[in-house]
Amino acid sequence: MMRRLLLAAAAVLWGALVFRVGLGVFFPSGVMRDRLVYEVGERSNGGWALQLENVEAWGVSGLDATGIQLLSIPRSRRRNTEEAETVAGKVRLSLGQLAARIRPFALLGGKKVLDLRSTLYGGEFEGEVTVTEQRIRLDLNLEDFDLSQYPLEGESWGAVLTGLMGLKVKARLDNESLEDSTGRIRMSFDDLNLVGFVYSGLDFPATEFSEAGLLLELKKGELLVKNGQFVSDGLRMELSGSIEMAEPLSRSRVKLKLKISLTEGSEWAEMADKPLIRTVARRAMDSEGDYHVQITGTPSRLRFREDRTAAGRGGASTSRSSRTVTPRRVERDEDDEESAARRKSREDRIEERRERIRDRRDGGSSRSTSSREPEESEEDFRDELEDDEEED
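Scoring rules and cut-offs
Residues numbered from 1 in each chain as written. Predicted model: local features only at pLDDT ≥ 70, side-chain atom pairs only at ≥ 80, totals over all residues. Heavy atoms only, no water. Salt bridge = Lys/Arg side-chain N within 4 Å of Asp/Glu carboxyl O. Helix = DSSP H or I, 4+ residues; strand = E, 2+ residues; numbered from the N terminus. Buried < 20%, exposed > 50% of the residue type's maximum accessible area, 1.4 Å probe, protein only. Phe/Tyr/Trp six-rings, centres within 6.5 Å; stacked < 30°, edge-to-face > 60°. Patch = residues over 30% accessible without salt bridge, like charges linked within 9 Å, V, L, I, M, F, W, Y side chains within 5 Å. Areas by Shrake-Rupley, 256 points an atom, 1.4 Å probe, with all protein chains shown as cover. Lys, Arg positive; Asp, Glu negative; His and termini not counted. Charge placed at Lys NZ, Arg CZ, Asp CG, Glu CD. Polar contact = N/O pair within 3.5 Å; in protein donor to acceptor, adjacent residues only side chain to side chain. pLDDT = per-residue confidence, 0-100. Contact = heavy atoms within 4.5 Å.

Undergrad: Would you take a moment to explain the pattern of salt bridges for this structure?
TA: Any two side chains of opposite charge can pair if their charged atoms end up close together. Applying the stated rule across the entire model yields 15 salt bridges. As a salt-bridge pair, arginine 35 and glutamate 39 come within 2.7 Å of each other at their nearest N and O atoms. One end of the pair is arginine 35 and the other is glutamate 39, both in helix α2 (residues 29-43) and four residues apart, which spans about a single turn. On the basis of relative accessibility, which here comes to 46%, the residue arginine 35 falls in the partly exposed class. Notably, a salt bridge pairs arginine 103 with glutamate 128, separated by 3.0 Å at the nearest N-O pair. Here arginine 103 is found in the loop between β4 (90-102) and β5 (112-120), whereas its partner glutamate 128 is found in strand β6 (residues 123-131), with 25 residues between them in sequence. Residues participating in the shared-partner salt-bridge network are Arg101, Arg103, Asp115, Glu128 and Arg137.

Undergrad: Mind showing me how you'd approach the packing of aromatic side chains here?
TA: Given two aromatic rings, one states the distance between the centres and the angle between the planes to describe the pair. Per the stated rule, a full pass over the model turns up seven aromatic pairs. Between tyrosine 121 and tyrosine 150, the aromatic rings sit 5.3 Å apart at their centres with planes inclined by 90 degrees, giving edge-to-face as the arrangement. Residue tyrosine 121 is located in the loop between β5 and β6, and its partner tyrosine 150 is located in the loop between β7 (135-146) and β8 (152-153); the two are separated by 29 residues in the primary sequence. Using a relative accessible area of 30% as the deciding quantity, one classes tyrosine 150 as partly exposed. Ring centres of phenylalanine 204 and tryptophan 268 lie 5.6 Å apart, and the angle between their planes is 25 degrees; this geometry places the pair in the stacked category. Of the two residues, phenylalanine 204 sits in strand β11 (residues 202-204) while tryptophan 268 sits in helix α3 (residues 267-272), which places them 64 residues apart along the sequence. Taking relative accessible area as the criterion, phenylalanine 204 reaches 18% and is therefore assigned buried. Judged by its relative accessible area of 12%, tryptophan 268 falls in the buried class. Linked through ring pairs, Tyr121, Phe145 and Tyr150 together constitute an aromatic cluster.

Undergrad: Can you walk me through a negative patch on the surface in this structure?
TA: There is a patch of like negative charges on the surface, built from Glu124, Glu126, Glu143, Asp144, Asp190, Asp191, Glu208 and Asp233. At the level of secondary structure, the elements contributing two or more residues to the negative patch comprise β6, β7 and β10 (182-199). With respect to the secondary-structure elements, aspartate 233 resides in the loop between β13 (222-232) and β14 (235-244).

Undergrad: When you look at the side chain of aspartate 115 in this model, what are you seeing that I'm missing?
TA: Along the chain, aspartate 115 turns up in strand β5. Only 3.0 Å separates the side chain of aspartate 115 from the side chain of arginine 103, close enough to count as a polar contact.

Undergrad: What should I look at first to understand the confidence of the model for the protein chain in this one?
TA: Close inspection of predicted coordinates is inappropriate in any region flagged by low pLDDT. Of the residues in the protein chain, 76% reach a pLDDT of 70 or more, and the chain-wide mean stands at 78. Ignoring residues within four places in sequence, the model shows residues 314-334, a span with pLDDT below 50, making two contacts including any to other chains. Below a pLDDT of 50 lies the segment residues 365-376, which in the model reaches five contacts outside its immediate sequence neighbourhood of four places, other chains included.

Undergrad: Help me understand a nonpolar patch on the surface, please; the structure alone is not making it clear to me.
TA: Residues Met1, Met2, Leu5 and Leu6 make up a contiguous nonpolar surface patch of roughly 500 Å² in combined accessible area. Its place among the elements puts methionine 2 in helix α1 (residues 2-26).

Below, the structure is given as structure tokens:
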């Protein structure tokens with residue numbers, strides 16, 4: 001009996017070994033590579049292109065890809081998804097290696113568990129994604145991500161960073177509603193340096209940060225900034241606000257606010273005191289000398305502009321408007337009252353003179369011709385009317 005069990009176990013092991021060797025030798029790398037490239041282009045309607053050097057098997061249920069680049073394709077250059085590799089685009093993500101595999105035995109429990117591992121920009125990434133009917137659970141960890149290898153740029157800005165970044169993500173995403181999703185994202189930095197920063201053609205000073213960290217919390221469909229501080233000798237930045245999550249995630253709405261405080265006498269303070277920058281930035285400055293910036297748009301298209309409300313400009317503008325408009329309104333009201341009084345007095349005088357003329361016409365024949373009281377003529381009446389109009 002024991003001998004039969006040993007033979008059965010040996011047969012299973014031998015079969016698994018032969019299968020694994022055969023899978024490695026005869027794995028259709030080219031076919032799988034082309035299929036992945038096609039799927040990315042097809043599912044994004046040509047908006048993204050995937051480039052791969054090679055695809056191999058990882059175990060018996062996974063794939064291991066190397067030389068990965070993910071590119072965004074402008075609308076004017078989008079073509080057939082079969083030509084995605086040859087279309088010029090902008091590199092958004094570059095990975096030395098990415099491997100993913102499904103745990104076969106987890107399927108018996110009614111869930112899908114995906115293991116991930118990757119090397120990207122000098123860092124090591126490991127993750128676990130669990131999918132059930134109700135939710136998706138994310139447990140991701142990134143260490144020693146080299147910021148100097150990752151370009152940061154927007155429509156009117158660009159930055160060069162050095163240092164290492166760590167990232168931890170723990171989230172529970174509800175399959176039916178983002179409102180019921182929860183989670184946390186924590187970013188940490190070692191030796192963070194801002195080597196170069198350009199905004200609207202202006203170069204800003206290099207900065208070494210002594211304190212840097214960011215903590216985000218996913219709650220009720222929003223990714224809230226719980227803590228975001230970046231501190232150096234001449235500069236202090238505090239991030240607040242939220243990101244409204246949407247499906248797909250690329251359509252999420254960014255509503256962040258950045259408060260910038262400058263140390264007096266620092267290079268940043270001297271930079272901000274230049275006439276050109278002072279003219280532009282004064283609308284974002286509050287009474288304490290701090291600057292407030294709004295960050296809006298989508299994750300892939302960020303927009304920066306001054307936050308006049310936080311800077312107190314809205315209230316000041318309203319006060320100035322009130323002080324300017326109210327006296328004029330009062331003065332206008334006073335003028336209207338005086339004009340009405342003059343018109344009424346003029347109408348009374350006109351009516352009185354008309355009465356006198358009518359009386360004199362009716363009783364003209366019975367009056368004594370020897371009376372010395374002068375008789376007012378129609379011509380004299382018209383002259384007086386003209387004089388009254390000139391006064392008004």
